[in-house]
Amino acid sequence: MAARVLQQCVRTLARPSLRLSSGNLAFRAAVAPAAAIHRPLSFAADSRRTRWVGQSRSPSVGVLCRQYGDLPPLTIETIKDRVMYVLKLYDKINPEKLQTASHFMKDLGLDSLDQVEIIMAMEDEFGFEIPDAEAEKLMTPEDIVQYIADKKDVYE
Amino acid sequence: MAASTRAQVISLYRMMLTESKKFPSYNYRTYALRRVRDAFRANGKVEDPKTVERLMEEGHQTLAVIQRQVTVGKMFSTQKNVVEG
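Residues numbered from 1 in each chain as written. Chains lettered and ligands numbered in written order. Predicted model: local features only at pLDDT ≥ 70, side-chain atom pairs only at ≥ 80, totals over all residues. Heavy atoms only, no water.

The name an unreviewed UniProt entry gives chain A is Acyl carrier protein, with Perca fluviatilis as the organism. Regarding chain A, the relevant UniProt record gives this comment under Subcellular location (unreviewed entry): "Mitochondrion". Looking at the Function (unreviewed entry) heading of the UniProt record, one finds this comment for chain A: "Carrier of the growing fatty acid chain in fatty acid biosynthesis." (UniProt positions renumbered as here; feature names shortened; annotations may be inferred.)

**Q** Can you help me understand the environment of Pro73 of chain A in this one?
**A** Relative to the helices and strands, Pro73 of chain A is located in the loop between α4 (40-49) and α5 (76-89). With 79 residues separating them along the chain, Pro73 of chain A and Lys152 of chain A place their C-alpha atoms 10.0 Å apart. (Helix = DSSP H or I, 4+ residues; strand = E, 2+ residues; numbered from the N terminus.)

**Q** Explanation requested: helix α1 (residues 6-20) of chain B in the structure shown.
**A** Residues three or four positions apart in an α-helix share a direction because the helix packs 3.6 residues into each turn. End to end, α1 of chain B covers 21 Å across 15 residues, agreeing with the expected 21 Å (1.5 Å per residue, within 8%). Restricting attention to buried positions, one finds in α1 of chain B the residues Ile10, Ser11, Leu12, Tyr13, Arg14, Met16, Leu17, Glu19 and Ser20 of chain B. Packed against the buried residues of α1 of chain B are α6 (112-126) and α7 (132-135) of chain A together with α2 (26-42) and α3 (49-75) of chain B. (Expected span 1.5 Å × (residues − 1). Buried < 20%, exposed > 50% of the residue type's maximum accessible area, 1.4 Å probe, protein only. Contact = heavy atoms within 4.5 Å.)

**Q** What is the right way to read the environment of Thr140 of chain A from this model?
**A** Residues and elements named next belong to chain A. With respect to the helices and strands, the residue Thr140 is situated in the loop between α7 and α8 (141-151). Assessed through its relative accessible area of 11%, Thr140 is described here as buried. When the C-alpha positions of Thr140 and Met105 are compared, they lie 8.9 Å apart, and in sequence the two are 35 residues distant.

**Q** I would appreciate a short explanation of the pattern of salt bridges in the present structure.
**A** A side chain with one charge can pair with a side chain of the opposite charge if their charged atoms come near. Scanning the model with the defined rule gives 12 salt bridges over all chains in all. A salt bridge links Asp114 of chain A to Lys92 of chain A; the nearest nitrogen and oxygen atoms lie 3.0 Å apart. Residue Asp114 of chain A is located in helix α6, and its partner Lys92 of chain A is located in the loop between α5 and α6; the two are separated by 22 residues in the primary sequence. The class for Lys92 of chain A is partly exposed, based on a relative accessible area of 38%. For Arg37 of chain B, the salt bridge identified is with Glu117 of chain A, shortest N-O distance 3.2 Å. Taken together, the residues span two chains, with Arg37 of chain B in helix α2 and Glu117 of chain A in helix α6. The exposure class assigned to Arg37 of chain B is partly exposed, which follows from its relative accessible area of 32%. Taking relative accessible area as the criterion, Glu117 of chain A reaches 10% and is therefore assigned buried. One salt-bridge network, in which partners are shared between bridges, spans Lys92, Asp111, Asp114 and Glu117 of chain A together with Arg37 and Arg41 of chain B. (Salt bridge = Lys/Arg side-chain N within 4 Å of Asp/Glu carboxyl O.)

**Q** Whenever I open this one, the packing of aromatic side chains confuses me. Can you help?
**A** Any pair of aromatic rings gets described here by the distance separating the centres and the angle formed by the planes. Residue and element names in this part refer to chain B. This structure, assessed with the given rule, holds two aromatic pairs over all chains. Ring centres of Tyr13 and Phe40 lie 4.9 Å apart, and the angle between their planes is 50°; this geometry places the pair in the tilted category. Highlighted residues: Tyr13 in helix α1 and Phe40 in helix α2, separated in sequence by 27 residues. Grouping residues by exposure puts Tyr13 and Phe40 together as buried. (Phe/Tyr/Trp six-rings, centres within 6.5 Å; stacked < 30°, edge-to-face > 60°.)

Here it is as structure tokens:
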């Protein structure tokens, strides 16, 4: 099965008209080996239409790799931007007064119920659960960024 | 039974919000979230332990209602509302 897929990959990649989308070709050929040979025109149209998340594909014909779907990698900067964006959307926070070191209760005047809502918004944004015991300690945006970086193994 | 601690109230709030977000119907979901927030905020200043206990009991029962209604709603879900985006 894999040998047949590779054969068809090489055959379709040899065509000069399809050289532009060779990375997508590798994935497409892995998924639909029979269709790849019979429909070269719709092939290129499909790969132009689809949007791929992640790094750019290597253009070399020899490297055939399977593309898995995944999120872009997290960095401290992106985590901080996303945390601040979510906080600015919260209506009880004044966006001008918001800094990374501003304490929710002391500086921004929120109470514990608001803090719970903020942590739940962070859970939705980043897609993982934050247990109660650790959630009640996160009192500034900087704490939240540090906690997420610890949990997601992001370090610089 | 010991009086409800602050941590128990916070965890009940959290559980009710997470369950309310699971409603498939837009109307029920927004109502449940709004009602949970308003109820907890309005009763936040209560000091008497008996009242707190009674309110916590009501909260647990409402949580069970929400869980059952979420399950029922998922059985008969319709298409997404235009408002939801």
